[in-house]
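Topology and contacts: notes
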Amino acid sequence: MLLTSLVEKLDCATLQGDLNIDITDIAFDSREVTKGSLFVAVTGFTQDGHHYIQKAIELGAVAVVVEKDVAAADSVTVLKTADTRIALALLAARFYDHPSEKLNLIGITGTNGKTSTTYFLKSILEQAGRKTGVIGTIGAKVGNQSLKTKSTTPTTPESLHLQHMFADMVESGVQDCVMEVSSHALSLHRAAASRFKIGVFTNLTPDHLELHRTMEEYFEAKSMLFDLTTDFNLINLDDEFGRKLSQKVAGYDTKLVTYGITDEATIYATDIRYGPDYTTYTAHTPAGHVDIRVNLPGLIYVYNSLAAVACAYCSGIDLELAAAGIHAVESIKGRLEVVYQDEDRKIIVDFAHTEDSLEKALSTLRPFTKGRLILVFGVYAAPGQLGSGKRESMGKIAAQHADFCVVTTDNPKDQDPDTIIAEVSSAVRAAGGQYTGIVDRKEAIRYAIDMSQTNDVILIAGKGHETTQIIGKTEVPFNEAEIVGEIMAEHTNSTSKKV
Ligand SMILES: CC(=O)N[C@H]1[C@@H](OP(=O)(O)OP(=O)(O)OC[C@H]2O[C@@H](n3ccc(=O)[nH]c3=O)[C@H](O)[C@@H]2O)O[C@H](CO)[C@@H](O)[C@@H]1O[C@H](C)C(=O)N[C@@H](C)C(=O)N[C@H](CCC(=O)O)C(=O)O
């Protein structure tokens, strides 16, 4: 593609060189540059892409886009713009011929519920016989086939990778794409230049305050999704920030559809009932009502499946197919996932890593726990959370809702695990909770299993679907389902040896 067409009407100045050159690829990482590429220099959190311009040129970049003044060889075209992240998104969308506009693209944002809503919706769309793509913490997939990608972010890819994925999906005949859109992604313009037919807002509770600093900033970041939607804004009306957002978007050209468990919402749930491993309710929509059965317990799964029903309604899908799609989801990786069960005990892994989600996970399990509710958890390290009170509040919630807490590490990163555990433990103690502290997370899990008795439930909270732990600068493998399996196998062996 000619550079002139690629940058046409883009807000950037040509500092040097020819625009009449062919661009064969775009890269924002010098390590991905190939001959004939356009290199976009992005200022990162740890490094600065502007320092890699020379490297990119050596590898064959013929043009660069910058936001800072840098020297480059005369043979290379240099363009300057105010924000290279926005430019990258716009350039990528053009390079791949605006693929998001060729999809029924549904973006889901909110602190919690993005992944399970995505699972439910994918299943509904597949029940409706539609070829569906997903992008999120479960990876990028078409059906059950993973898409090849260079993306390195955990949830929402950088704009270049994202547009590439959309283009691949269009090429393979995908009609609908369900995507988790994180607040990180929105504030870093990863989704800019994408067009969403439907935007979903699940909820907002404190998280990622290391990046957004205040809840107001966090809310503004999440709200950015609704500047990118074209048809429907679908918002949880029972959430404080959802109500605020619905007022904010009321004047937009897009249609506002709300959901919740009161009949004030456009789509709402009644007759909610829970069992130890299911939830049933009736979903009411303007197109009629339908009985829903979710194979997971708890109010959060009413909200997350209802959001998927609401998307189905907005996409013109029959409500019976929506119900069948939700029922077809047997479990969700790392979401109240039962990783071991025998007549004595049940071991559950959940991603709960915020105050709100930990409280909800424990309260959901409590009514179905005949013995003790044993919690294994840590508080992950994030720069802004040093002294922010998260350790104290997580400790307090744990003490209030669990019978025994094994306080351990989550992702301690560069922070001292002993200090984290001491601070969390002191909060558990102050709130009258029973606890022990064990730095090694595997040993903490083993301790909980060893102390468990008939009818006890063990909740291992914080990491959910994640399969690594970040200790210092190293990411070490840590798959909780496998670890529980190993420990239980050791138990079985030692018991049979005794016999
Ligand atoms: C904090 C954050 O968002 N980090 C992301 C960011 O890393 P960074 O800013 O540190 O990158 P950097 O190393 O400083 O590099 C800066 C620039 O120099 C370039 N570079 C660097 C080295 C080199 O040799 N050549 C080169 O050109 C890089 O390509 C980059 O453009 O850019 C990298 C490249 O895309 C990402 O892999 C990385 O995601 C890390 C792994 C991450 O954990 N991100 C998390 C925080 C994240 O984004 N999470 C959200 C979900 C949040 C949630 O709701 O839970 C997500 O949407 O995934």
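Residues numbered from 1 in each chain as written. Predicted model: local features only at pLDDT ≥ 70, side-chain atom pairs only at ≥ 80, totals over all residues.

An unreviewed UniProt entry annotates the protein chain as UDP-N-acetylmuramyl-tripeptide synthetase originating from Paenibacillus paeoniae. Per UniProt, the protein chain carries the Pathway (unreviewed entry) text "Cell wall biogenesis; peptidoglycan biosynthesis." Looking at the protein chain in UniProt, the text filed under Subcellular location (unreviewed entry) is "Cytoplasm". (UniProt positions renumbered as here; feature names shortened; annotations may be inferred.)

1. Some details on the domain arrangement of the protein chain
Taken domain by domain, the protein chain consists of domain 1 (3-95), domain 2 (99-327) and domain 3 (337-498). Taking only C-alpha atoms into account, the centre of domain 1 sits 46 Å from that of domain 3. (Domains from an automatic or database assignment.)

2. Remarks on unusual backbone geometry
Here the phi dihedral of Asp-97 falls at roughly 65°; this positive angle occurs in a residue that is not glycine. Looking at the element boundaries, Asp-97 is found in the loop between α3 (84-95) and β6 (104-109). For Asp-97, a count of 13 C-beta atoms within 10 Å puts it in the partly exposed group. The phi angle at Leu-336 is positive, at roughly 40°, despite the residue not being glycine. Here Leu-336 lies in the loop between α11 (319-327) and β17 (337-341). Leu-336 gets classed as buried once you count the C-beta atoms within 10 Å, which come to 24. (Helix = DSSP H or I, 4+ residues; strand = E, 2+ residues; numbered from the N terminus. Buried ≥ 20, exposed ≤ 12 C-beta atoms within 10 Å, placed from the backbone.)

3. Let's talk about the sheet that holds strand β2 (residues 25-27)
Strand order in this open sheet of five strands is β1-β5-β4-β3-β2, and the pairing throughout is mixed. At either margin of the open sheet sits one strand with a lone partner, and together these are β1 (12-16) and β2. Sheet twist, expressed as the average angle between the axes of neighbouring strands with direction ignored, equals 25°. Across four bridges, β1 lies against strand β5 (residues 77-81) in antiparallel orientation. Its bridge partner being in β5, Ala-13 is matched across the sheet by Lys-80. (Pairing = 2+ DSSP bridges. Axes fitted to C-alpha atoms, helices over the stretch in contact; angles between N-to-C directions.)

4. Quick look at helix α4 (residues 114-127)
Relative to the 20 Å expected for 14 residues at 1.5 Å per residue, α4 spans 20 Å between its end C-alpha atoms, a close match to the ideal helical length. Counting buried residues along α4, 13 of its 14 residues qualify, which places the element largely inside the surrounding structure. Gly-129 sits one or two positions beyond α4 and adopts a positive phi of about 75°. (Expected span 1.5 Å × (residues − 1).)

5. What to know about the packing of helix α12 (residues 355-365) against helix α13 (residues 390-401)
Think of two packed helices as two axes; the pair is described by the angle between the axes and how far apart they sit. One can describe the packing of α12 onto α13 by two numbers: an axis separation of 10 Å at closest approach and a directional angle of 10°. Classified by the interaxial angle, the pair formed by α12 and α13 is roughly parallel. Of α13, the residues touching α12 (which contributes Glu-355, Leu-358, Glu-359, Leu-362 and Ser-363) are Ser-393, Met-394, Ile-397, Ala-398 and His-401. Within the contact of α12 with α13, the residues separate by chemical class into five nonpolar, three polar and two charged. (Parallel < 35°, antiparallel > 145°, perpendicular 65-115°, else oblique. Contact = placed C-beta atoms within 7 Å. Nonpolar A, V, L, I, M, F, W, Y, C, P; charged D, E, K, R; others polar.)

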